[in-house]
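Listed below, chain by chain, are the residues.
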Amino acid sequence: MTGGGPPHAAIERCRAEHWPAVERLIRDTVREISPPGSLLVEMCDYHMETGGKRLRAIIPLLAAPTLGLDPLRVRPFAAACETLHNATLVHDDLQDGDTHRRDRETVWKRWSPAQAINLGDAMFYYAVALVGRLEFPAEIRAAVTHLAIERTIRVIDGQAREFLLKEDPAPSVERYLRVVEGKTSGLFEVPLVGAAILAGAPPGAVAALETAARHLGVVFQIQDDVLDLYGAKGRGMRGSDIAEGKVSVLAAHCLASSDPARAAKLRAILAKPRDETTERDVEEADALFRAAGSLRFALDEIGRRERAVREAADLRSNPALHDLLVGLADAFLEPIRSVVG
């Protein structure tokens, strides 16, 4: 990974060097294009203050030097990627019924569902405005804008498919992965592929980055599913995905692999209203997952996807970029390292 040392250390160095300036870019742009006194500014500031890893901003800044690009020129794009990601989080919190994000009330809970929709909508356009601040030729900015719009549509389609998956009487791992490769991978493709476009990378490298980003997205989402039960996710309770009725990789595998009685038991837990789901329900779901081998399946799928990132052959001509991608996969798994082993 660029800068040497463990991958999380490189991420932290990049964050310390660039995030303050990227954050100022976001704040300045939001204020410049919003009407005076707009509630959107207050809500956007509030949501961004909930924090996070800022991975979508950090990734293009880490990728830039491996592609021969000055990271300082990429800062507006990093800001756009982070804003785009957070737009989806504002909507996700509302759609998932999450009342807290990292111990703070979510936007819809603090203001209202309608205002959360307004903010999320606005943030998609703030992201486009940030791309417009890139000091690159117009055709390059247009290509990056097209990428962001196309992948955003894919992310929203993934969100729609996730709700269909919740209603599916027999959800499969294959359908789960299709959701993830849209909803989660899309938001990793934007920063990686966008950085390659800005650098004028050849088509083969761009395509390889797109493939690697798809696998990285699956690694990230599966670790997030595992983290919900076996770590601190910052959403107010252990097993919030279970309370939400979400078809995680654990649930999809368990439903497809269990006998009818155990599958019916899990469906009943997932069907409970969120506020009626108890700690005992979460423990029972965990026991069902373990009995079906679902945790083992999830960890094996993570391993398979990690290997796919490592085998992105077209990137081996750029060892620094290849090492960055492998390092990102490793960093993604840090929160569940005790589970992965």
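Bear in mind that the values here come from a model prediction, so they are computed numbers and not experimental data. Per chain, the residues get numbers from 1 upward, laid out in the order the sequence is written. Restriction of local features to residues with pLDDT of at least 70 applies here, the model being predicted, together with a cutoff of 80 or more for giving and counting side-chain atom pairs; totals for whole chains, interfaces and linings are based on all residues. With hydrogens and water set aside, each side-chain value is computed from the structure's full complement of heavy atoms.

S.K.: Explain the overall build of the chain residue by residue, including any values.
M.R.: Of regular secondary structure, the chain possesses 17 helices and 2 strands. Radius of gyration here uses only the C-alpha atoms, and the compact-globule reference equals 2.2 Å multiplied by the residue count raised to the power 0.38. The C-alpha radius of gyration of the chain comes to 20 Å, within 12% of the 20 Å expected for a compact globule of 341 residues. Principal-axis analysis of the C-alpha atoms places the extent of the chain at approximately 60 × 50 × 30 Å. Counting the 341 residues in the chain, one finds 55% classified as buried. Any pair of residues with heavy atoms lying within 4.5 Å of one another is described as a contacting pair. Of the contacts formed within the chain by residues at least 6 apart in sequence, a portion of 75% connects residues at least 24 apart. Total accessible area on the chain stands at roughly 14,200 Å², and carbon and sulfur atoms take up 54% of it. Elements are defined by DSSP. Helices are runs of H or I of four residues or more, strands are runs of E of two residues or more, and each kind is numbered from the N terminus. A 1.4 Å probe rolled over the protein chains alone gives each residue an accessible area, and that area as a share of the maximum for its type sets the label: buried under 20%, exposed over 50%, partly exposed in between. Here the accessible surface of atoms and residues is derived via Shrake-Rupley with a 1.4 Å probe, and residues count as covered only by protein chains that are part of the display.

S.K.: Give a description of the nonpolar core that names residues and reports values.
M.R.: We define the nonpolar core as a collection of buried residues of types Ala, Val, Leu, Ile, Met, Phe, Trp, Tyr and Cys that are connected through side-chain atoms lying within 4.5 Å of one another. Residues Leu266 and Phe289 are the most contacted members of the largest nonpolar core, which totals 107 residues. With near-sequence residues (within four places) excluded, Phe289 lies in contact with Leu229, Ile242, Leu250, Ala251, Cys254, Leu266, Ser294 and Leu295.

S.K.: Which residues make up unusual backbone geometry, and what values go with them?
M.R.: The backbone of Arg102 sits at a positive phi, close to 50°, despite the residue not being glycine. Inspection of the secondary structure puts Arg102 in the loop between β1 (100-101) and β2 (104-105). Owing to a relative accessible area of 35%, Arg102 belongs among the partly exposed residues under this scheme. A positive phi angle, close to 70°, is found at Asp103, a residue other than glycine. Checked against the element boundaries, Asp103 lands in the loop between β1 and β2.

S.K.: I'd like to hear about the pattern of salt bridges, residue by residue, with values.
M.R.: Definition used for salt bridges: Asp or Glu carboxyl oxygen within 4 Å of a side-chain nitrogen of Lys or Arg. Applying the stated criterion across every chain yields a total of 33 salt bridges. A salt bridge links Lys246 to Asp241; the shortest N-O distance between them is 3.9 Å. Judged by its relative accessible area of 3%, Asp241 is buried. Salt-bridge contacts for Arg290 lead to Asp286; the nearest nitrogen and oxygen are separated by 3.2 Å.

S.K.: If you had to explain the state of the cysteines to someone new, which residues and values would you point to?
M.R.: Two cysteine sulfur atoms make up a disulfide if the distance between them is within 2.5 Å. In the structure shown here, the tally under the stated rule is 0 disulfides. Looking at Cys14, it has no disulfide partner, and the nearest cysteine sulfur is the one in Cys81, 12 Å off. Looking at the unpaired Cys44, the closest cysteine sulfur is the one in Cys81, lying at 15 Å.

S.K.: Residues and numbers for the packing of aromatic side chains, please.
M.R.: In this analysis, rings of Phe, Tyr and Trp, with Trp reduced to its six-membered ring, are considered paired at centre separations within 6.5 Å, and the interplanar angle assigns stacked below 30 degrees, edge-to-face beyond 60, and tilted for intermediate values. A full pass over the atoms with the stated rule returns 4 aromatic pairs. Judged by centre distance (5.2 Å) and plane angle (85°), the rings of Tyr46 and Trp111 are edge-to-face. Of this pair, Tyr46 sits in helix α2 (residues 39-48) while Trp111 sits in the loop between α5 (107-110) and α6 (113-131); the two residues are 65 residues apart in sequence, bridging distant segments of the chain. You can call Tyr46 buried: its relative accessible area is 7%. Seen in terms of ring centroids, Phe188 and Phe332 are 5.2 Å apart; in terms of plane orientation they differ by 40°. Their pairing is tilted. Residue Phe188 is found in helix α9 (residues 186-199), and its partner Phe332 is found in helix α16 (residues 319-332); the two are separated by 144 residues along the sequence. Summarising the burial analysis for this pair, Phe188 and Phe332 share the class buried. Members of the aromatic cluster, joined through ring pairs, are Phe188, Phe220 and Phe332. Here the guanidinium or amino end of Arg56 rests over the ring plane of Phe220, the centre of that ring lying 5.0 Å away. Our definition puts a charge over a ring when NZ of Lys or CZ of Arg is within 6 Å of the ring centre and also within 35 degrees of the ring normal. Taking NZ or CZ as reference, Arg73 lies 4.0 Å from the ring centre of Phe136, over its face.

S.K.: Kindly report on the packing of helix α7 (residues 138-167) against α9, identifying the contributing residues and their values.
M.R.: Orientation is described by lines fitted to C-alpha atoms, with helices fitted over the stretch in contact, and by angles between N-to-C directions that extend from 0 to 180 degrees. It is the contact of α7 with α9, at a shortest axis distance of 9 Å, that shows an interaxial angle of 170°. Looking at the two axes, α7 sits roughly antiparallel to α9. Residues Ile140, Ala143, Val144, Leu147, Ala148, Arg151, Arg154 and Val155 of α7 form the contact with α9, whose participating residues are Gly186, Leu187, Glu189, Val190, Val193, Gly194, Ile197 and Leu198. Classes in brief: Ala, Val, Leu, Ile, Met, Phe, Trp, Tyr, Cys and Pro nonpolar; Asp, Glu, Lys and Arg charged; the others, Gly included, polar. For the contact of α7 with α9, the per-class residue count stands at 11 nonpolar, 2 polar and 3 charged. Relative orientations are named as follows: roughly parallel for angles under 35 degrees, roughly antiparallel for angles over 145 degrees, roughly perpendicular for angles from 65 to 115 degrees, and oblique for any other angle.

S.K.: Which residues make up the side chain of Arg151, and what values go with them?
M.R.: Position of Arg151 relative to the elements: it lies in helix α7. Its relative accessible area of 7% is what places Arg151 among the buried residues. Among all residues touching Arg151, those that are not within four sequence positions of it are Gly186, Glu189, Val190 and Glu210.

S.K.: Provide a residue-level description of helix α10 (residues 203-230), including the pertinent values.
M.R.: The terminal C-alpha atoms of α10 lie 40 Å apart, and with 28 residues this matches the ideal 40 Å at 1.5 Å per residue to within 8%. Burial runs high along α10: 22 of the 28 residues are buried. Each helix should span, by expectation, one fewer than its residue count multiplied by 1.5 Å.

S.K.: Describe helix α8 (residues 173-183), and please don't skip the residues or the numbers.
M.R.: By the burial criterion, the buried members of α8 are Val173, Tyr176, Leu177, Val179, Val180, Gly182 and Lys183. Where the residues of α8 are buried, they touch α4 (71-96), α7, α9, α10, α12 (249-257) and α15 (294-310).

S.K.: Explain the environment of Arg31 to me, and be specific about the residues and the numbers.
M.R.: By the element assignment, Arg31 lies in helix α1 (residues 7-33). When its relative accessible area of 40% is taken as the criterion, Arg31 is described as partly exposed. Each C-alpha atom, one on Arg31 and one on Glu42, is 9.7 Å from the other, the two residues being 11 residues apart in sequence. Those residues in contact with Arg31, other than ones at most four positions away along the chain, are Val41 and Asp45.

Keep in mind these values describe shape, not function.
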